[in-house]
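The residues making up each chain are set out below.
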Amino acid sequence: MSAQPIRVLSPATGAEVASVPDEGRDGVAAAVARARSAGPGWAALSYERRFAALRRFRDAVLDASETVVDTLVAESGKPRHEAEGIELLYLCELIRFMGRAAPRALKEETRRPFLFATKSTRLVRRPLGVVGVIGPWNFPILNNAGDAIAPLMAGNAVVLKPSEVTPLTSVLLARLWREAGNSPAVFQVVTGRGEAGAALVDTADGIMFTGSVATGRRVAARAGERLVPCVTELGGKSPLIVLAGADLPRAARAAAWSSFIHSGQVCIRTERIFVEEPVADEFQALLARRVTELVQRAPGDGPTHDLGAVTFPHQLEIVERQIADAVEKGARVATGGDRFAGPGNFFRPTVLSGARPEMAVMREETFGPLVPVMRVKDAEEAVRLANESRFGLNASVFGPEAAARSVARRLESGNVIVNDVLVNYFVVEAPFGGWKESGLGARHGAEALRQWTRTTAITLPRRGLGLVDRFVASRLAFPYDPRVRGALQRAMRFLYGTGLARKLGRRP
Ligand code: NAD
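**Concerning a nonpolar patch on the surface**
A cluster of nonpolar side chains, Phe114, Leu115, Phe116, Leu476, Leu488, Met492 and Tyr496, forms an exposed patch at the surface whose accessible area comes to about 680 Å². Among the elements that take part in the nonpolar patch, helix H17 (residues 482-496) stands out by supplying 3 residues, more than any other. Locating Tyr496 in the fold gives a position in helix H17. Residue classification places Tyr496 among the partly exposed residues on the basis of a relative accessible area of 40%.

Printed below as a string of structure tokens:
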């Protein structure tokens, strides 16, 4: 452990909150070895006992919720409201869903073959072993410990490498896992920088990665070399489309929330707004009013507020660069546009009007408190421009339901929500993943449980047909018999030609 410790800085004040070691490659190797030896014991537990362990963990987190929220707010700069009402709530709900869904999603099932009708195939799902979860800085629970729940419930041990920008909440959650009486080796947190993440990709049996496209590509390439399953949840440039006939006050309120939640540092947040010409002026006026009413301050400075600080100072430079580029190309700053005086990384929530597709703010991920609004001729143009993107993570459509639904079906996006924003992330029953450069695979749903298992398909003689099965097997193998070949030809024509179809009234 020779690397420099990691200093965690308060986004609100710039002061050091705490420091953690960079455990590096050695730390990851030791954690993976511990997880490997604990894995089989965890995998052998019934679903009920694994769910009980996750419930104990959830109880411990809820009992310590004030400390968890304090830690999360201190390192991320987000409002307490979001730390509690989004991140903690999500963890609780995810444990409920995965715990309840696992027995059914992962249960053994039988497939009956059509051709080899004397056989029956049993699908048995077994955990991969050790799943490595690598998290980003913007959601210290949601995309870190949150992503451990499905692999754990599927019977894997998990080693989590949180972002070096916000590692403290994960360290605390690992402690709560242990204090809840659960096996320390089954869920471990290793703190470190990119090198530690890379070491996890080199050793784990499956990888759940959330982060930037650039790192995601490297992670997927390495996982591809090793041929281990890898899920990547990457960037976004989510469009929000406002059609004529939409409930405009509702659309504006939703757009303000979706654009500026966690100061815009959310992968599924609204990054581009397209509004149909006839309602554009009214919508923009409503949005500007909403945004100027938002309360922005440091955590702890008075009661509830809407926006906190930007976690990662680099995001401020991106925001400033994109505003300058857009203004040079003809956009107008409708609200905001500058930093907040005083310490900390504060930037006023900024709306740009008159956006055009060639502007950087319409093409590159911003991940900060800035949203561009572009007027479009009609829904066709909105769909075309929304789809002109490297990303395809999330989208929102506001409008009369039939029209909005029709637009939703044409968007190139892993997820779309109609007449609302963001809350589709909480529909943990459905797979949530991206198209294009937004990633591969998905979290949530039964799919998320299954992807952390591998399947053995065990084919057996079908009960009661053992003798026929033996006869068929003896006819197919060496030595080849020309009579069998003739029988196979006749059977093929009967099954797939018109013979069986005449009997059944349909072709198989
Ligand atoms: P990042 O790619 O810089 O870092 C993510 C994690 O990868 C960190 O833990 C980092 O230490 C680790 N890492 C760095 N180099 C590595 C390597 N070579 N091998 C393995 N791991 C390595 O991303 P970030 O800046 O922390 O996160 C912001 C990005 O995450 C944004 O693009 C955002 O859109 C995306 N994001 C996506 C989702 C989603 O669900 N699609 C959710 C949250 C954030």
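**As for the side chain of Glu271**
With respect to the element layout, Glu271 can be found in strand S11 (residues 270-276). Taking the relative accessible area as the measure of exposure, Glu271 reaches 0% and is therefore buried. Here Lys237 takes part through its side chain, which lies 2.8 Å from a polar atom of the side chain of Glu271. A distance of 3.0 Å separates the side chain of Glu271 from the backbone nitrogen of Phe367, its partner in a polar contact. Beyond its immediate chain neighbours, meaning those up to four positions away, Glu271 contacts Gly236, Lys237, Ser238, Val361, Glu364, Glu365, Thr366, Phe367, Val371 and Pro372.

**A short note on the sheet that holds strand S16 (residues 396-398)**
Pairing is mixed across the open sheet formed by 7 strands, whose spatial order is S12-S13-S14-S11-S10-S16-S17. For this open sheet the edge positions go to strand S12 (332-335) and strand S17 (417-418), each flanked by a neighbour on one side alone. Against the sheet, helix H9 (residues 248-260) makes contact with strand S10 (238-242), S11, strand S13 (350-353), strand S14 (370-376) and S16, and its axis sits at roughly 160° relative to S11, the strand it touches most. Lying on the sheet, helix H14 (residues 401-410) is in contact with S10, S16 and S17; it crosses S16 at an angle near 155°.

**Here we look at the site of the ligand**
Lining the immediate surroundings of the ligand are 29 residues, of which Lys161, Glu164, Ser212, Leu234 and Glu365 lie closest. The separation between an oxygen atom of the ligand and a polar main-chain atom of Gly211 is 3.2 Å. Of all elements in the fold, only helix H7 (194-203), strand S8 (206-210) and helix H8 (213-226) reach the threshold of two or more residues within the shell around the ligand. Looking at the shell around the ligand, its residues break down into 11 nonpolar, 11 polar and 7 charged.

**Brief notes about the pattern of salt bridges**
For the structure shown, the criterion picks out 37 salt bridges. When the shortest N-O distance is used, the salt bridge between Arg443 and Asp147 registers 2.7 Å. Of this pair, Arg443 sits in the loop between strand S19 (439-440) and helix H15 (445-450) while Asp147 sits in the loop between strand S5 (130-134) and helix H5 (149-153), and the two are 296 residues apart along the sequence. Residue Asp147 is classed as buried on the basis of its relative accessible area, which comes to 5%. The residue Arg222 makes a salt bridge to Glu225 at a minimum N-O spacing of 2.8 Å. Remark: Glu225 and Arg222 occur in helix H8; sequence separation between them is 3 residues, near one turn of the helix. Here the residues in one salt-bridge network are Arg25, Glu195, Asp202, Arg222 and Glu225, joined through shared partners.

**Notes on the nonpolar core**
Ranked by internal contacts, the top residues of the largest apolar core, which has 92 residues, are Phe187, Phe283 and Leu287. With 12 residues, helix H4 (residues 80-105) is the single largest residue contributor to this core. Sequence-distant contacts of Leu287, that is, excluding residues within four places in its chain, are made with Ala252, Ala255, Ala256, Ile273, Val351 and Val373. Leu243, Ala331, Ala355 and Val361 belong to the second-largest nonpolar core, a separate cluster that totals 28 residues.

**Quick word on the packing of helix H3 (residues 65-76) against H4**
Contact geometry for H3 and H4: axes closest at 9 Å, N-to-C directions at 115°. The crossing of H3 and H4 is right-handed. Counted together, Ser65, Glu66, Val68, Val69, Asp70, Leu72 and Val73 of H3 and Arg80, Ala83, Glu84, Glu87 and Leu88 of H4 form the full contact between these two elements. Here the contact of H3 with H4 is composed, by residue class, of 6 nonpolar, 1 polar and 5 charged.

**Points about the packing of aromatic side chains**
The geometry of two aromatic rings is summed up by the distance between their centres and the angle between their planes. A complete count under the given rule lists 10 aromatic pairs for this structure. On the numbers, 5.5 Å between centres and 80° between planes, the contact of Trp137 with Phe367 is edge-to-face. On the criterion of sequence distance, the pair formed by Trp137 in the loop between S5 and H5 and Phe367 in the loop between helix H12 (360-363) and S14 is long-range, its members being 230 residues apart. The exposure class of Phe367 is buried, given its relative accessible area of 10%. Members of the aromatic cluster, joined through ring pairs, are Trp42, Phe57, Trp177 and Phe187. Stacked on the ring of Phe51, the Lys or Arg Arg55 has its end atom at 4.1 Å from the ring centre.

**Remarks on the pairing of strand S9 (residues 230-233)**
In this sheet, S9 lies alongside S8 in parallel orientation, the contact comprising 4 bridges. Among the inter-strand pairings, Ile207 is bridged to a residue of S9, identified as Cys230. In the sheet, S9 pairs with S19 via 2 bridges, with the strands oriented antiparallel. The partner of Glu233 across the bridge, within S19, is Gly439.

**Digging into a positive patch on the surface**
A cluster of basic residues, Arg250, Arg253, Arg289 and Arg290, forms a positive patch at the surface. Those elements that provide at least two residues to the positive patch are H9 and helix H10 (277-292). Relative to the helices and strands, Arg253 resides in helix H9. Judged by its relative accessible area of 43%, Arg253 falls in the partly exposed class.

**Some words on the sheet that holds S19**
The strand order across the open sheet formed by 6 strands is S7-S6-S5-S8-S9-S19, and the pairing between neighbours is mixed. Looking at the sheet topology across the chains shown, the edges are occupied by strand S7 (187-189) and S19. Running over the sheet, helix H1 (residues 24-43) touches S5, strand S6 (157-161) and S7 and is turned about 150° from S6. Here helix H6 (residues 168-179) sits on the sheet in contact with S6 and S7, set at roughly 150° to S7.

Definitions and cut-offs
Residues numbered from 1 in each chain as written. Predicted model: local features only at pLDDT ≥ 70, side-chain atom pairs only at ≥ 80, totals over all residues. Heavy atoms only, no water. Patch = residues over 30% accessible without salt bridge, like charges linked within 9 Å, V, L, I, M, F, W, Y side chains within 5 Å. Areas by Shrake-Rupley, 256 points an atom, 1.4 Å probe, with all protein chains shown as cover. Salt bridge = Lys/Arg side-chain N within 4 Å of Asp/Glu carboxyl O. Helix = DSSP H or I, 4+ residues; strand = E, 2+ residues; numbered from the N terminus. Buried < 20%, exposed > 50% of the residue type's maximum accessible area, 1.4 Å probe, protein only. Polar contact = N/O pair within 3.5 Å; in protein donor to acceptor, adjacent residues only side chain to side chain. Contact = heavy atoms within 4.5 Å. Pairing = 2+ DSSP bridges. Axes fitted to C-alpha atoms, helices over the stretch in contact; angles between N-to-C directions. Near = heavy atom within 4 Å. Nonpolar A, V, L, I, M, F, W, Y, C, P; charged D, E, K, R; others polar. Core = buried A, V, L, I, M, F, W, Y, C linked by side-chain atoms within 4.5 Å. Left-handed = near helix turned anticlockwise from the far one by under 90°. Phe/Tyr/Trp six-rings, centres within 6.5 Å; stacked < 30°, edge-to-face > 60°. Lys NZ or Arg CZ within 6 Å of the ring centre and 35° of its normal. Lys, Arg positive; Asp, Glu negative; His and termini not counted. Charge placed at Lys NZ, Arg CZ, Asp CG, Glu CD.

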